[in-house]
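What follows is each chain in one-letter form.
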Amino acid sequence: MSKVKTTGFILAMVMVLGAGDYFSKEINAQGTTYKVGDRGPAGGWIFYDKGNNAGGWRYLEAAPVDQSPAAKGGCGKVSTPDAKGIVIGTGKTNTAAIIKSCTDAGIAAKIAADYRGGDKSDWFLPSRDELNLMYVTLRKAGVDGLAKENYWSSSEIDAYKTWVQSFRSGAYNGNYKSMKFRVRAV
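Residues numbered from 1 in each chain as written. Predicted model: local features only at pLDDT ≥ 70, side-chain atom pairs only at ≥ 80, totals over all residues. Heavy atoms only, no water.

Averaged over every residue, the pLDDT of the chain is 85; residues scoring 70 or more account for 82%. Low pLDDT, under 50, characterises residues 1–31; the stretch is placed with 85 contacts to residues that sit more than four places away or in other chains. (pLDDT = per-residue confidence, 0-100. Contact = heavy atoms within 4.5 Å.)

Right, let's get into helix α1 (residues 91–101). Buried residues of α1: Gly91, Asn94, Thr95, Ala97 and Ile98, and no others. Buried residues of α1, seen end-on, are gathered within an arc of 165° and therefore sit on one face of the element. Taken together, the buried residues of α1 touch α2 (108–114), α3 (128–139) and β8 (150–156). (Buried < 20%, exposed > 50% of the residue type's maximum accessible area, 1.4 Å probe, protein only. Helix = DSSP H or I, 4+ residues; strand = E, 2+ residues; numbered from the N terminus. Arc of directions from axis to C-beta.)

Turning to the nonpolar core, a few remarks are in order. In terms of nonpolar packing, the biggest core is built from 20 residues, with Trp123, Leu125, Trp152, Val183 and Ala185 touching the most fellow members. Only α1, α2 and β11 (180–183) provide two or more residues apiece to this core. Ranked by residue count, the leading element in this core is α2, at three residues. By size, the runner-up hydrophobic cluster in this structure holds 16 residues, among which are Trp57, Phe124, Leu133 and Phe167. (Core = buried A, V, L, I, M, F, W, Y, C linked by side-chain atoms within 4.5 Å.)

Strand direction decides the pairing type here: strand β9 (residues 161–166) and strand β10 (residues 172–176), joined by five bridges, are antiparallel. Considered in β10, the bridge of Val164 is made with Asn173. The antiparallel hairpin formed by β9 and β10 contains five residues in its connecting segment, where Gly170 sits at a positive phi of about 90°. (Pairing = 2+ DSSP bridges.)

Right, let's get into the environment of Lys92. If you trace the backbone, Lys92 turns up in helix α1. Overall, Lys92 belongs to the partly exposed group, its relative accessible area being 35%. Sequence separation between Lys92 and Ser154 is 62 residues; the distance between their C-alpha atoms is 8.4 Å.

Structure below.
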């Protein structure tokens, strides 16, 4: 699910353990505890805790399964200036911009946004850095079933290319939007 909302009294502790290993814990009034690597409220995997509820969300949760094994990245030759965000927190905005500028059926952003896992409707295609964090905190740790293949991000490079992350090597690079890669919603 995109941005997990929390309610009630919140006690939070965030500790950086070293080179990409993060541990976070939240206890709310209902006694619910989340930490990076746990199952989230939509059945996916929590892979990011920003440490507060600013903007109405605190966690990022990766869907428990891929939404497509082979989708196009978008409309080639179409630049989407509002989809250039690469940092954590920009995936949702990128996804909305891509869907608005490209009406082709079956593109990665549309597939991610249409996902309804956990009865949630705010799923999106992750930004480049959100996707990389999924690789670091989930794939490398063996937490979930992410394939050792390439996944689309929502971060556009230009009218022809978008960032793609290899979940085999961890490298990311630009690939043509007409190529077909995996989709995992956040």
